[in-house]
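# Breakdown of the fold
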Amino acid sequence: MILDLGCGPGFFSIEMAKMVGELGTVIATDLQEGMLEKLKNKIKGTEIEKRIKLHKCEEDKIGILENVDFVLAFYMVHEVPNQKKFFEEIKSILKYNGKIFIIEPKLFHVSKATFKETIMKAKGIGLVPVEKPRIFLSRSVVLKKVNLKMQYRNAKPTLR
Ligand SMILES: C[S@@+](CC[C@H](N)C(=O)[O-])C[C@H]1O[C@@H](n2cnc3c(N)ncnc32)[C@H](O)[C@@H]1O
């Protein structure tokens with residue numbers, strides 16, 4: 001189960017729907033009804049139509065009930081007014097070991113410092129950065145929801 005946050009006209013929702021296979025689901029969510037309408041028209045009558053669930057969210061609430069394995073947030077986090085609240089909601093719907101992939105535009109929109117602040121906010125609520133893939137003209141990070149209790153249980157005792 002995948003969530004495409006701020007899916008826009010659905011370029012990535014469609015590609016991910018092809019990847020998840022017949023039994024997978026992509027929840028494509030955006031606050032603009034018009035974007036969801038565009039995506040709806042693109043997939044109408046195609047084999048991936050039933051794999052994509054359209055969801056209209058609010059600026060400060062995603063509002064889905066499903067638990068997801070992966071969240072894509074492509075070029076949208078800088079538009080979110082309250083990022084801390086946004087990450088808290090994402091954490092609450094992510095399964096353990098689930099990941100969120102954030103990609104932000106380098107040019108004009110998101111400075112290095114601003115992106116660092118975004119990562120700090122996500123880390124502040126317990127999401128752990130695990131990777132920084134290189135993406136053309138973009139800043140990106142993959143964060144993971146880890147089960148801290150399991151981490152501590154599996155940690156080897158250190159000798160002093
Ligand atoms: C620059 S577009 C990117 C669209 C798509 N992710 C892509 O890369 O093709 C940003 C999208 O995020 C949506 N958006 C902005 N703030 C949002 C929020 N708080 N929750 C959900 N969607 C949001 C906008 O409506 C817009 O469709």
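First, a word on scope: everything that follows refers to the structure included in this document.

## Examining the sheet that holds strand 1 (residues 2-5)
One open sheet accounts for seven strands, arranged 3-2-1-4-5-7-6; its pairing is mixed. Edge strands, defined here as strands with exactly one partner in the open sheet, are strand 3 (52-56) and strand 6 (127-131). Pairwise comparison of adjacent strand axes, ignoring direction, gives a mean angle of 25 degrees for this sheet. Taken strand by strand, helix 3 (residues 83-93) contacts strand 1, strand 4 (68-74), strand 5 (94-105), strand 6 and strand 7 (138-145), and its axis lies near 145 degrees from that of strand 5. In this fold helix 4 (residues 112-124) packs onto strand 5, strand 6 and strand 7, with an angle of close to 5 degrees to the strand it touches most, strand 7.

## Digging into the site of the ligand
Looking at the ligand, there are 15 residues lining it, with Gly-6, Asp-30, Gln-32, Glu-59 and Phe-74 nearest. Within the backbone of Gly-6, one N or O atom sits 2.8 Å away from a nitrogen atom of the ligand. Expressed as a share of its isolated accessible area of 600 Å², the protein-covered part of the ligand is 85%. A per-class count over the shell around the ligand returns nine nonpolar, three polar and three charged.

## Side note on the nonpolar core
One recurring pattern in soluble globular proteins is that nonpolar side chains are buried together. Core analysis: the largest hydrophobic core is formed by 26 residues, its most contacted members being Leu-3, Leu-5, Phe-86, Phe-87 and Ile-90. When residues of this core are traced back to their parent elements, those giving at least two are strand 1, strand 4, helix 3, strand 5, helix 4 and strand 7. Per element, the largest residue contribution to this core is four residues, and it comes from helix 3. When sequence neighbours within four positions are dropped, the list of residues in contact with Ile-90 reads Leu-5, Ile-62, Val-71 and Ile-100. By size, the runner-up hydrophobic cluster in this structure holds 16 residues, among which are Ile-14, Met-16, Val-26 and Val-142.

## Structural notes on the side chain of Glu-66
Of note, Glu-66 is situated in the loop between strand 3 and strand 4. Within the structure, Glu-66 has its side chain in polar contact with the side chain of Lys-53 (distance 2.2 Å). Setting aside its immediate chain neighbours within four residues, Glu-66 contacts Met-1, Ile-27, Lys-53 and Ile-93.

## Topic: the environment of Val-26
Turning to its location among the elements, Val-26 is positioned in strand 2 (residues 26-30). Looking at Val-26, the relative accessible area reads 0%, which means it is buried. Separated by 60 residues in sequence, Val-26 and Phe-86 have C-alpha atoms that sit 19 Å apart. Residues in contact with Val-26, not counting those within four places in the same chain, are Ile-2, Asp-4, Ser-13, Met-16, Ala-17, Val-20, Arg-51, Ile-52 and Lys-53.

## Brief notes about the packing of helix 3 against helix 4
Any two packed helices are characterised by how steeply their axes cross, that is the angle between the axes, and by the distance between the axes. Look at helix 3 against helix 4: their axes get within 9 Å of each other, and the N-to-C directions meet at 45 degrees. In terms of orientation, helix 3 and helix 4 fall into the oblique class. Helix 3 and helix 4 meet at a crossing whose hand is right-handed. Together, Gln-83, Lys-84 and Phe-87 of helix 3 and Thr-118, Lys-121 and Ala-122 of helix 4 make up the contact between the two elements. When the residues that make up the contact of helix 3 with helix 4 are grouped by side-chain class, the tally is two nonpolar, two polar and two charged.

Each value, and the rule that gives it
Residues numbered from 1 in each chain as written. Predicted model: local features only at pLDDT ≥ 70, side-chain atom pairs only at ≥ 80, totals over all residues. Heavy atoms only, no water. Pairing = 2+ DSSP bridges. Helix = DSSP H or I, 4+ residues; strand = E, 2+ residues; numbered from the N terminus. Axes fitted to C-alpha atoms, helices over the stretch in contact; angles between N-to-C directions. Contact = heavy atoms within 4.5 Å. Near = heavy atom within 4 Å. Polar contact = N/O pair within 3.5 Å; in protein donor to acceptor, adjacent residues only side chain to side chain. Areas by Shrake-Rupley, 256 points an atom, 1.4 Å probe, with all protein chains shown as cover. Nonpolar A, V, L, I, M, F, W, Y, C, P; charged D, E, K, R; others polar. Core = buried A, V, L, I, M, F, W, Y, C linked by side-chain atoms within 4.5 Å. Buried < 20%, exposed > 50% of the residue type's maximum accessible area, 1.4 Å probe, protein only. Parallel < 35°, antiparallel > 145°, perpendicular 65-115°, else oblique. Left-handed = near helix turned anticlockwise from the far one by under 90°.

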